[in-house]
Amino acid sequence: MAEETEKKKDEFELSEAELAEIKKQEAARLEEIQKVERSKANLSGKNLSNKDLRGADLSDGKLNRADLSNSILIDANLSNASLTDANLSGADLSGANLSNAGLIEADLSQCNLSNSNLSDADCRDAQFDRADLRNVNMDGADFSWANLSNAALNESNFIETDFTEANFYGADLRNAVFENTIVDKAMLTDAQLEGTDFSSVLNLEPEQIESILIDKATRLPDYINISWTSKSTFKVSKRKTEEETKPPEPRKKPGAKKVVKKAKKKR
């Protein structure tokens with residue numbers, strides 16, 4: 001048994017030549033990161049695809065239209081960076097800081113953004129289809145018109161996030177919490193919301209709920225009325241406001257005009 005353990009240990013031990021090669025590769029990687037960091041103010045339109053940029057500091061960088069597809073950006077700092085129309089498809093951005101970043105019309109499809117920070121980011125019209133957005137901080141971010149179809153957003157928290165007309169088709173939103181979040185005209189067809197807290201979302205319409213997957217643990221806003229007809233079917237309507245339920249005030253009949261006679265002056 002001892003001999004077998006020793007044999008397995010020898011199999012995993014690296015030779016000096018192998019260790020030297022690993023150190024050489026790591027030094028080259030760090031040198032490339034430093035080169036990119038020094039040029040971060042002028043990276044617009046550059047090709048940085050398939051690069052290993054783990055932990056890179058690209059904060060306040062100008063990366064508009066840059067190609068970062070399939071790059072490794074784990075724990076990278078991209079806060080306040082300008083990434084308008086950038087290609088980040090397939091990139092690994094897990095743990096990255098993208099707070100206040102400008103991602104208008106950027107392509108982040110099939111990205112790994114788990115545990116990243118997107119707070120106050122501008123993600124209007126951006127592509128996040130099939131992206132991993134689990135446990136992401138999206139507080140205050142703007143996702144208006146963004147494509148989040150088939151994305152994984154389960155167990156995430158969204159505080160004051162704007163999802164106006166966003167596309168959640170087939171997205172996984174199970175057990176997520178939406179706090180004062182705008183979902184005005186958002187497409188929720190086939191989105192999974194079992195156990196999701198939707199109680200404080202704004203501008204939700206019954207028509208949006210009819211096309212999603214919910215259960216009795218799903219919390220809806222007070223202005224939405226839902227009645228379950230079976231374990232999986234329900235009827236939904238919008239509750240009328242107090243103003244809408246007030247009976248109309250009776251119309252006043254026009255009264256006869258009073259004729260005021262003036263007293264005649266004595267001569």
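Refer to the preceding data block for the structure.
Residues numbered from 1 in each chain as written. Predicted model: local features only at pLDDT ≥ 70, side-chain atom pairs only at ≥ 80, totals over all residues. Heavy atoms only, no water.

(A) Summary view of the overall build of the protein. Summing up its helical and strand segments, the protein has four helices and four strands in all. The secondary structure elements of the protein, listed N-terminal to C-terminal, are α-α-β-β-α-β-β-α. In the protein, which comprises 267 residues, the share counted as buried stands at 39%. Restricting the contact set of the protein to residue pairs at least 6 apart, pairs at least 24 apart contribute 3%. Accessible area of the protein: about 16500 Å², with a carbon and sulfur share of 46%. (Helix = DSSP H or I, 4+ residues; strand = E, 2+ residues; numbered from the N terminus. Buried < 20%, exposed > 50% of the residue type's maximum accessible area, 1.4 Å probe, protein only. Contact = heavy atoms within 4.5 Å. Areas by Shrake-Rupley, 256 points an atom, 1.4 Å probe, with all protein chains shown as cover.)

(B) Region of interest: the packing of aromatic side chains. Tallying each qualifying case throughout the model produces eight aromatic pairs. Seen in terms of ring centroids, Phe158 and Phe178 are 4.6 Å apart; in terms of plane orientation they differ by 40°. Their pairing is tilted. Note that Phe158 is positioned in strand S1 (residues 157-159) and Phe178 in strand S2 (residues 177-179), a separation of 20 residues in sequence. An aromatic cluster is present here, built from Phe128, Phe143, Phe158, Phe163, Phe168, Phe178 and Phe198 joined pairwise through their rings. (Phe/Tyr/Trp six-rings, centres within 6.5 Å; stacked < 30°, edge-to-face > 60°.)

(C) Region of the structure containing the environment of Asn150. You can see Asn150 is positioned in the loop between helix H2 (16-38) and S1. Counting along the chain gives 22 residues from Asn150 to Phe128, while the straight-line C-alpha distance between them is 8.7 Å. Apart from residues no more than four positions distant in its own chain, Asn150 is found in contact with Arg130, Tyr169, Gly170 and Ala171.

(D) Quick peek at the nonpolar core. Among the nonpolar cores identified, the biggest contains 65 residues, and Leu93, Phe128, Leu133 and Phe168 are the most heavily contacted of them. Breaking this core down by element, the ones donating at least two residues are H2 and strand S4 (234-238). In contact with Leu133, not counting residues within four places along its chain, are Leu113, Leu118, Phe128, Met138, Leu148, Ala151, Ala152, Leu153 and Ser156. (Core = buried A, V, L, I, M, F, W, Y, C linked by side-chain atoms within 4.5 Å.)

(E) The pattern of salt bridges, seen in detail. Applying the stated criterion across every chain yields a total of eleven salt bridges. A salt bridge links Asp129 to Arg130; its shortest N-O distance comes to 3.3 Å. Since its relative accessible area comes to 12%, Asp129 is described here as buried. Here the salt bridges share partners, and the residues they tie into one network are Glu26, Arg29, Asp52 and Arg54. (Salt bridge = Lys/Arg side-chain N within 4 Å of Asp/Glu carboxyl O.)

(F) Quick peek at the pairing of strand S3 (residues 224-228). Bridge analysis of S3 against S4 gives five bridges, and the strand direction is antiparallel. When the bridges of S4 are listed, Ile224 appears paired with Lys238. Taking the residues between adjacent antiparallel strands as the criterion, S3 and S4 are bridged by five residues. (Pairing = 2+ DSSP bridges.)

(G) Here's a closer look at unusual backbone geometry. Backbone geometry at Asp85 places phi at a positive 60°, although glycine is not the residue there. Here Asp85 shows up in the loop between H2 and S1. Not every positive phi belongs to a glycine, and Asn115 is a case in point at roughly 65°. Structurally, Asn115 is set in the loop between H2 and S1.

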